[in-house]
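Close look at the chain arrangement
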Number of protein chains: 2
Amino acid sequence: MTTRDSTAPSARPALPRHRLRFDTADMYEAGHGVTAKELAGLQPELARVHAVVQEKSRAGLDAEFACLALPTHMPAGLPAIEQAAADVRHFRDIVVAGIGGSSLGAKAVYHALREVNPSAEQPALHFLENIDPYHLQFLLARLKPESTAVIAISKSGGTIETVVQYLALREWLENCLGPVEARKHQWIVTDPKQGWMRELAAREHLPALPLPPKVGGRYSVLTAVGLLPLAAVGVDVRALLDGAADNAARCATDDPKVNPALELAALHYLLDTRHGKRISIMMPYADPLLQFVNWYCQLWAESLGKRVPGAEPAGTLPVRAMGSVDQHSQLQMYLESRPDKMFTFIALDRWEDDRPVALPETERHTFPYLAGKRLSEVLDAEFRATREVITRARHPNVTLHLPALDAHVLGQLIDLYQRVTVYCGLLYGVNPLDQPAVELGKQLTLRFLNERGKPGA
Amino acid sequence: MTTRDSTAPSARPALPRHRLRFDTADMYEAGHGVTAKELAGLQPELARVHAVVQEKSRAGLDAEFACLALPTHMPAGLPAIEQAAADVRHFRDIVVAGIGGSSLGAKAVYHALREVNPSAEQPALHFLENIDPYHLQFLLARLKPESTAVIAISKSGGTIETVVQYLALREWLENCLGPVEARKHQWIVTDPKQGWMRELAAREHLPALPLPPKVGGRYSVLTAVGLLPLAAVGVDVRALLDGAADNAARCATDDPKVNPALELAALHYLLDTRHGKRISIMMPYADPLLQFVNWYCQLWAESLGKRVPGAEPAGTLPVRAMGSVDQHSQLQMYLESRPDKMFTFIALDRWEDDRPVALPETERHTFPYLAGKRLSEVLDAEFRATREVITRARHPNVTLHLPALDAHVLGQLIDLYQRVTVYCGLLYGVNPLDQPAVELGKQLTLRFLNERGKPGA
């Protein structure tokens, strides 16, 4: 990527350019899944939806599918983000006020990388999503206003949870620092033109980065929404975008044998609509990926969970699991309950911080099979055993092998699932970008708040 | 509870004796759920399963359903647990090595209460569940062996994840402190007679508390498995048992109008078997209950997810959600996807640390409905709006109202769901105490480890 090299600090080491590997064999008929005939029969549809994706992302950030143009178009916006990040980085703690698409992406990447590369020199990110009074008090009691920055993120600039959190954080800063100094602790990411946050930023001269209007919240991790907080804590956001661009390049064809996003979309769609697999369980064997699954669950549910006129509703229910913990919690049910599930395992090929099992001589007779093993080998044996019993229980399953856990790999994963989701939406015939059903709840919330405000209510 | 008063420190304040409240109206026909006729028709079955529960828990810790006798029988075992806890409490950090039933219960209670009553004077609990190399390194890099205690918990004494974690922790302690001193940092909870941990404890004279043999892992939070780590960090474990005992007393009748566990079991069973509600989503509106839902998900899935000869498999898939975060993630799908779901909301009636929304005069014109509101009122409006749209979408739902968030209330919740689960198992005709399907995976794990151990494999 020439863009990357031209602006990157010269000391930055070359990135590992490892690609995701996919093992989809158990999604096909040998694993009681999709038949070759079904996939061949879908090929005209796959060609159609791929053409739509290409067409509707060609216009870059102005395109309908602007989210899929981010890997190639965001590098141009990076200098502004990196400048803001350099300022935020002077604080010890950074509170991100945002909910749903305004937090899950950055949270996913941060949690994935923090345990891999912990550094006492970087600030810590704290995500304040809910309006839970306990959580807010608990967090503020542990932070000092003098050394805390706030990044408030809302696409509309008026998300009620974020407004309430941000107001609380502003009061907390102002009470300690005074209103003038408090403004130096605040950053905003919102619509470039409208909404309360944009207006507030103009009024108080707060630094405010734009979110491209065509990019929806749940597809926005590769904009300032995700890149500002991540860059502030030292994540290599150029590598993140590079990884996404590499995956996008891999997905430039309508051949599902070459384009992994198209293959995964086809398999999910066929398993749901032809084989009754209505639940898709994502189960990584790596603790750092826990939050990535939450990001995926929002992307999938909000994009695909929709009515289809004259047909079954679209979308499989995304369910989160964690290996090996959920072998001791959910596996019994997976193995004996209804055959309505498909699985995505995520396995890590290389662990940087691996260590041998500490098996002293005195315990060798009890655990001979642990002798000479590394921790990751034990986890890998757990993974392979679980995949084997899931396959024997006739649940279709796919394994994503991550060559490492770094920003480049996470960028690939993000772009991959954004593409799979958009392809799936087009296959089902729903709009993967909207969320029409949640408006009523927002209106009712305001109505209930208004009622409470009235005397005697 | 006389047991409590006779041994409690005299300075301990009287407990708030608030009971859980249940709003089940939307589980019935008005909410497109169970009809009065269906419930009446099930009454002979409810009487039968209630009689089984009473009969099989009468013999206390020796009974088949010993787990349901814990609220009345564990107080006798408390002095030994509290003595051990008093020793553990001298350390600043306590690492709990355990997985599944050996961690989820204590984790649930700890996370629920830590943000409510944070105290710098109490030690911190760290749960080490997975064999994830990154997580282990990350944790050990932040702790000091001199000020760290380890509690290793495994019913069988040989759970592979826990053995590996515990071996790593022992090595870490011994490398710094030497083997003699390291032993003073270790506590074990395991079977009273057998297994590697019991044998190790005898060999090295480690303090080792027993787990009643008839109590399975996922039902063991009210034994030393949960009570030792919780008491060590200052949780009022007597109040926890008191709450459980109060709920047990409330469930002493076979009338579902009086016995909330029996009513909930009947409703879940009928909604699954007669109305096709195969997915049960638990969605608390309180961040501190996040881990409680994980505990419930294990209890439910592992107890009920089982084959039934000649019938549909038993058990609904438990799915975790969080209000209001998942309004911005899962709600779109809940509202428009298949009508195969039922919901359990958990709402908190009283927030100790509530604060008014910090709405300055300058922002009042934009958010008039926030004027004079407390954070909990905003959250409550979100909850009521979501429940309303879920009900309008014809999804049956129940609300559990918690009068407060304290040990007594959590004790009620724990006993409640253990009873609901056991009742449901008996209604489906499956054994709620076993987990027959997971054995094969354990055998395969060992086989894969053995294969790797061989040269050339």
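Residues numbered from 1 in each chain as written. Chains lettered and ligands numbered in written order. Predicted model: local features only at pLDDT ≥ 70, side-chain atom pairs only at ≥ 80, totals over all residues. Heavy atoms only, no water.

Thoughts on the pairing of strand β10 (residues 397-402) of chain A
All names here are of chain A. Burial of β10 is extensive: six of the six residues sit out of reach of the surface. Here β10 shows two buried faces, one formed by Asn397, Thr399 and His401 and the other by Val398, Leu400 and Leu402. Bridge count for strand β1 (residues 21-23) against β10 is three bridges, and the pairing is antiparallel. Counterpart to Phe22 in the pairing with β10 is Leu400. (Buried < 20%, exposed > 50% of the residue type's maximum accessible area, 1.4 Å probe, protein only. Helix = DSSP H or I, 4+ residues; strand = E, 2+ residues; numbered from the N terminus. Pairing = 2+ DSSP bridges.)

Regarding the sheet that holds β1(A)
Residues and elements named next belong to chain A. The strand order across the open sheet built from five strands is β1-β10-β9-β7-β8, with neighbouring strands paired in mixed fashion. Each edge of the open sheet carries a strand with a single partner, namely β1 and β8 (317-320). Direction aside, neighbouring strands of the sheet carry axes that sit 20 degrees apart on average. As judged from the six bridges shared by strand β7 (residues 279-284) and strand β9 (residues 341-348), these two strands associate in the parallel manner. Across the sheet, Pro284 pairs through a bridge with Ile346, a residue of β9. (Axes fitted to C-alpha atoms, helices over the stretch in contact; angles between N-to-C directions.)

Side note on the relation of the copies chain A and chain B
Mapping between the two copies of the chain is achieved by a rotation about an axis and a shift along the axis. If you rotate chain A by 180 degrees and push it 0.0 Å along the axis, it lands on chain B with an RMSD of 0.0 Å. As the rotation angle and translation indicate, the two copies are arranged about a two-fold axis. By C-alpha distance to the rotation axis, the residue of chain A lying nearest is A:Val319, at 3.5 Å. Both copies share a contact surface, since 100% of the interface residues of chain A are interface residues in chain B too. (Least-squares fit on C-alpha atoms with pLDDT ≥ 70 in both. Contact = heavy atoms within 4.5 Å.)

Digging into the sheet that holds strand β8 (residues 317-320) of chain B
Residue and element names in this part refer to chain B. In spatial order, the strands read β1-β10-β9-β7-β8; together these five strands make up an open sheet with mixed pairing. The open sheet terminates on both sides in strands that have one partner only, identified here as β1 (21-23) and β8. Neighbour to neighbour, the strand axes of the sheet diverge by 20 degrees on average, direction disregarded. Judged from the six bridges that link them, strand β9 (residues 341-348) and strand β10 (residues 397-402) form a sheet pairing that is parallel. Across the sheet, the residue bridging to Ile346 is Leu400, located in β10.

Overview of the domain arrangement of chain A
All names here are of chain A. On domain assignment, one finds that chain A holds domain 1 (15-57 + 240-437) and domain 2 (67-235). A C-alpha centroid distance of 29 Å is found between domain 1 and domain 2. In this complex, domain 1 contributes 32 residues to the contact, which on the side of domain 2 involves 28 residues. Between domain 1 and domain 2, a total of about 2500 Å² is buried, with carbon and sulfur atoms accounting for 70% of that surface. When the area that domain 1 buries against domain 2 is broken down by residue, the three leading residues are Leu241, Gln291 and Gln418, summing to 25%. The interface formed by domain 1 and domain 2 contains one salt bridge. Across the pair Arg218 and Glu302 runs a salt bridge, and its minimum N-O distance is 3.3 Å. Inspection of the region where domain 1 meets domain 2 yields eleven residue pairs in polar contact (both at pLDDT 80 or more). Counting only elements with at least two residues in the side of domain 1 that touches domain 2, the list comes to α2 (36-57), α11 (237-250), α13 (290-304) and α16 (407-428). By residue class, the composition of the side of domain 1 that touches domain 2 is 17 nonpolar, eight polar and seven charged. (Domains from an automatic or database assignment. Buried area = accessible area lost by both parts, 1.4 Å probe. Salt bridge = Lys/Arg side-chain N within 4 Å of Asp/Glu carboxyl O. Polar contact = N/O pair within 3.5 Å; in protein donor to acceptor, adjacent residues only side chain to side chain. Nonpolar A, V, L, I, M, F, W, Y, C, P; charged D, E, K, R; others polar.)

Looking at the interface of chain A and chain B
Counting residues at the interface gives 114 residues for chain A, matched by 114 residues for chain B. At the boundary of chain A with chain B, total buried surface from both sides reaches about 10700 Å², with 62% on carbon and sulfur atoms. On the surface where chain A and chain B come into contact, there are ten salt bridges. Measuring nitrogen to oxygen at the nearest pair gives 3.5 Å for the salt bridge that ties A:Glu336 to B:Arg307. Connecting chain A to chain B are 41 residue pairs in polar contact (both at pLDDT 80 or more). If you tally residues by element for the side of chain A that touches chain B, the top one is helix α15 (residues 375-392) of chain A, at 13 residues. Among the residues making up the side of chain A that touches chain B, the classes are represented as 57 nonpolar, 25 polar and 32 charged.

A few points about empty space enclosed by the protein
In total, this model carries two cavities of 30 Å³ or more according to the counting rule given. As for the largest cavity, its lining consists of A:Ile279, A:Met333, A:Ser337, A:Arg338, A:Asp340, A:Lys341, B:Arg278, B:Ile279, B:Gly315, B:Thr316 and B:Leu317. Split by residue class, the lining of the largest cavity holds four nonpolar, three polar and four charged. Computed from the structure, the second largest cavity encloses a volume of approximately 50 Å³. Together, A:Arg278, A:Gly315, A:Thr316, A:Leu317, B:Ile279, B:Met333, B:Ser337, B:Arg338, B:Asp340 and B:Lys341 line the second largest cavity. (1 Å grid on protein atoms, 1.4 Å probe; cavity = no way out; pocket = protein on both sides within 12 Å on 5 of 7 lines; lining within 4 Å. Points joined across faces, edges and corners; volume = space filled by probe spheres on them.)

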